[in-house]
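Overview (structure and organization)
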2 protein chains.
Amino acid sequence: MDSALVVFSGGQDSTTCLFWAKQKFNRVVALSFTYGQKHAKEVEQAEIIAREAGIEWQCIDASFISNLASNSLTNSTMQMDTEKPAGSPPNTFVPGRNLFFLSIAAVVAREHGIKNIVTGVSQTDFSGYPDCRDEFIKSLNQTINLAMDYQFTIHTPLMWIDKCQTWEMADKLGVFNIIRTQTITCYNGVIGDGCGNCPACKLRKIGLDKYLKIRKI
Amino acid sequence: MDSALVVFSGGQDSTTCLFWAKQKFNRVVALSFTYGQKHAKEVEQAEIIAREAGIEWQCIDASFISNLASNSLTNSTMQMDTEKPAGSPPNTFVPGRNLFFLSIAAVVAREHGIKNIVTGVSQTDFSGYPDCRDEFIKSLNQTINLAMDYQFTIHTPLMWIDKCQTWEMADKLGVFNIIRTQTITCYNGVIGDGCGNCPACKLRKIGLDKYLKIRKI
């Protein structure tokens, strides 16, 4: 396979995907976004990770997303949901986020002559976000192909694995320590093991603890 | 039917759709975009048309679109294609434009509690733009529904009619003169009958001349 563009936030999942793509493709471009997220530090960290891995890095200002709909990731006056409420996504859901990220990724990929797009979304631990589901990604793949008359393939290496298996994948790719210490998954922007209290940290820690037990054996 | 959001550029097609929606729905919101288009005057005109019709009007800055890929509508150093080149869309094609406009429209509609989205795209006179085709719109409708777990319906009243029939529709809606004198279809931003030379003006004029002949009879 020739070249791929990775949607890259600098978190555990997309960083694992970045190194997965680096192994699989000859050329990799990492694409990050600023969109008014409170933890803008994750973008700086994304750049550091990509540059240290010798991967082309590009950042797009997608701050229009924060102005479209209210959510607790970009609105600092809202208290973040720590659990998914019944019948609706948590207020950390940014409506249309993956739709915009992947659509922008497609336009940028096409400009580079790239047909493969990689994203770290996962249905397994999807936390109530509808735009992390496999059926959404498959539908979007068809939509972007029709929108631009171009043959994109969206790759989702983490779609059906849980956080424990994501740690295992990182370990097999030889980047366990980079993922553990350099990535930011935490909703409060704390690097590595994070704040420990937000839903993202809890999910990451459960997976890590589970994997560390298996790893020892 | 209750309420609808119309993607509204202030051109012939979307203005006809605006009045179509006004007749069909109790509440209509018109949504315009700035995206670095050379003829930004069309947005001012869109606001005037909407306000005079007593329709809520909203404008979103989508200028990120111009930075993603080169095209002659937003890049003033490029000469516009006056005809569709063989094997590719004309360079007036802004990659992903309708994908972004309709995705943004969906997020904004959902914030208003609106489920109906109206767009003036037409496959009949599609001028080589892949994102004006019916199969794209149908695929996108499914994608936005999955992205936000919400039941949108995208309406495309002009999909299967030509420019002559669009003039006829405007006439039946009682807004023939508004469309003829107040809208901007022209790529060079000239109101009403336009510059007469760009592909958009030519297409509009052919339809108008054809309709005026029928109308007299």
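Look up a bit, the structure's there.
Here's what I pulled together on the structure shown here.

What counts, and where the lines are drawn
Residues numbered from 1 in each chain as written. Chains lettered and ligands numbered in written order. Predicted model: local features only at pLDDT ≥ 70, side-chain atom pairs only at ≥ 80, totals over all residues. Heavy atoms only, no water. Helix = DSSP H or I, 4+ residues; strand = E, 2+ residues; numbered from the N terminus. Rg over C-alpha atoms; globule rule 2.2 N^0.38 Å. Buried < 20%, exposed > 50% of the residue type's maximum accessible area, 1.4 Å probe, protein only. Contact = heavy atoms within 4.5 Å. Expected span 1.5 Å × (residues − 1). Core = buried A, V, L, I, M, F, W, Y, C linked by side-chain atoms within 4.5 Å. Pairing = 2+ DSSP bridges. Axes fitted to C-alpha atoms, helices over the stretch in contact; angles between N-to-C directions. Least-squares fit on C-alpha atoms with pLDDT ≥ 70 in both. Parallel < 35°, antiparallel > 145°, perpendicular 65-115°, else oblique. Left-handed = near helix turned anticlockwise from the far one by under 90°. Nonpolar A, V, L, I, M, F, W, Y, C, P; charged D, E, K, R; others polar. Salt bridge = Lys/Arg side-chain N within 4 Å of Asp/Glu carboxyl O.

Concerning the overall build of chain A
Helix and strand counts for chain A stand at eight helices and five strands. The order of α-helices and β-strands along chain A, N terminus first, is β-α-β-α-β-α-α-β-α-β-α-α-α. Relative to its length of 217 residues, chain A is compact, with a C-alpha radius of gyration of 16 Å against a globular reference of 17 Å. If one aligns the C-alpha atoms of chain A with their principal axes, the spans along those axes are about 45 × 45 × 30 Å. Counting only residues that meet the buried cut, chain A has 59% of its 217 residues in that class. Within chain A, counting contacts between residues at least 6 apart in sequence, those at least 24 apart form 69% of the total.

Thoughts on helix H2 (residues 41-52) of chain B
The terminal C-alpha atoms of H2 of chain B, which comprises 12 residues, lie 17 Å apart, in line with the 16 Å expected from a rise of 1.5 Å per residue. At its buried positions, H2 of chain B is contacted by helix H1 (12-24), strand E2 (27-34), strand E3 (56-61) and helix H7 (176-182) of chain B.

Topic: the nonpolar core
The nonpolar side chains of a soluble globular protein tend to be buried, and buried together. Judged by nonpolar contacts, the single largest core of 92 residues is most densely connected at Ile-104 and Met-148 of chain A together with Ile-104 and Met-148 of chain B. Met-148 of chain B has contacts with Phe-93, Pro-95, Gly-96, Leu-99 and Pro-130 of chain A together with Ala-106, Val-107 and Arg-110 of chain B, leaving out every residue within four places of it along the chain.

Things to note about the environment of Val-29 of chain A
Residue and element names in this part refer to chain A. Locating Val-29 in the fold gives a position in strand E2 (residues 27-34). For the pair Val-29 and Tyr-211, spaced 182 residues apart in sequence, the C-alpha separation works out to 29 Å. In this structure Val-29 touches Ala-4, Leu-5, Val-6, Glu-56, Gln-58, His-112 and Ile-114, once residues within four positions along its chain are discounted.

As for the sheet that holds strand E4 (residues 116-118) of chain B
Residues and elements named next belong to chain B. Ordered in space as E3-E2-E1-E4-E5, the five strands form an open sheet in which the pairing is parallel. Each having just a single partner strand, E3 and strand E5 (153-155) make up the two edges of the open sheet. Sheet twist, expressed as the mean angle between neighbouring strand axes with direction ignored, is 25 degrees. Pairing between E2 and E3: six bridges, direction parallel.

Here's the deal with the relation of the copies chain B and chain A
Mapping chain B onto chain A calls for a screw motion: a turn of 180 degrees about the axis and a shift of 0.0 Å along it, with 0.0 Å RMSD after fitting. Taken together, the rotation and translation relating the two chain copies correspond to the operation of a two-fold axis. A share of 100% of interface residues in chain B that are also interface residues in chain A marks the association as one of identical surfaces.

Side note on the environment of Cys-198 of chain A
Relative to the helices and strands, Cys-198 of chain A is located in the loop between helix H7 (176-182) and helix H8 (199-216). Each C-alpha atom, one on Cys-198 of chain A and one on Tyr-187 of chain A, is 6.3 Å from the other, the two residues being 11 residues apart in sequence.

Overview of the packing of helix H5 (residues 134-148) of chain A against helix H5 (residues 134-148) of chain B
Running from N to C, H5 of chain A and H5 of chain B point in directions that differ by 150 degrees, and their axes come no closer than 8 Å. By the criterion of interaxial angle, the relationship of H5 of chain A to H5 of chain B is roughly antiparallel. For the crossing formed where H5 of chain A meets H5 of chain B, the hand is left-handed. Between H5 of chain A, through Glu-135, Phe-136, Ser-139, Leu-140, Gln-142, Thr-143, Leu-146 and Ala-147 of chain A, and H5 of chain B, the contact on the second element is made entirely by Glu-135, Phe-136, Ser-139, Leu-140, Gln-142, Thr-143, Leu-146 and Ala-147 of chain B. Looking at the contact of H5 of chain A with H5 of chain B, its residues break down into eight nonpolar, six polar and two charged.

Observations concerning the environment of Gln-12 of chain A
Residue and element names in this part refer to chain A. By the element assignment, Gln-12 lies in helix H1 (residues 12-24). Judged by relative accessible area, Gln-12 falls into the buried class, the value being 1%. A sequence separation of 29 residues divides Gln-12 from Lys-41, and the C-alpha atoms of the two residues are 14 Å apart. Setting aside chain neighbours within four positions, we find Gln-12 in contact with Lys-163, Thr-166, Trp-167, Ile-179, Thr-183, Thr-185 and Arg-204.

Re the pattern of salt bridges
When their charged atoms lie close together, side chains carrying opposite charge are able to pair. Taken as a whole, this structure holds 20 salt bridges over all chains when the rule is applied. A salt bridge links Lys-163 of chain A to Asp-13 of chain A, with the nearest nitrogen and oxygen atoms 2.6 Å apart. One end of the pair, Lys-163 of chain A, is in helix H6 (residues 163-172); the other, Asp-13 of chain A, is in helix H1, with 150 residues separating them in the sequence. Across the salt bridge formed by Asp-162 of chain B and Lys-210 of chain B, the nearest N and O atoms sit 3.4 Å from each other. Of this pair, Asp-162 of chain B sits in the loop between E5 and helix H6 (163-172) while Lys-210 of chain B sits in helix H8 (residues 199-216), placing them 48 residues apart in sequence. On the accessibility criterion, Asp-162 of chain B (19% relative accessible area) is buried.

As for H1 of chain A
Residues and elements named next belong to chain A. Taking 1.5 Å per residue as the helical rise, H1 with its 13 residues ought to reach 18 Å, and the 19 Å between its terminal C-alpha atoms agrees with that figure. Of all 13 residues that make up H1, 10 are buried, and the element is covered over most of its length. Among the residues of H1, those classed as buried are Gln-12, Asp-13, Ser-14, Thr-15, Thr-16, Cys-17, Leu-18, Phe-19, Trp-20 and Ala-21.

Notes on the packing of H6 of chain B against H8 of chain B
All names here are of chain B. Between H6 and H8, the shortest axis-to-axis distance is 7 Å and the interhelical angle comes to 60 degrees. Between H6 and H8, the interaxial angle falls into the category oblique. Considering only the axes of H6 and H8, their crossing is right-handed. From H6, Lys-163, Cys-164, Trp-167, Glu-168 and Asp-171 reach across to H8, where they touch Leu-203, Arg-204, Gly-207, Leu-208, Lys-210, Tyr-211, Ile-214 and Arg-215. Of the residues that constitute the contact of H6 with H8, the class distribution is six nonpolar, one polar and six charged.

Just geometry here; none of it tells us what the structure is for.
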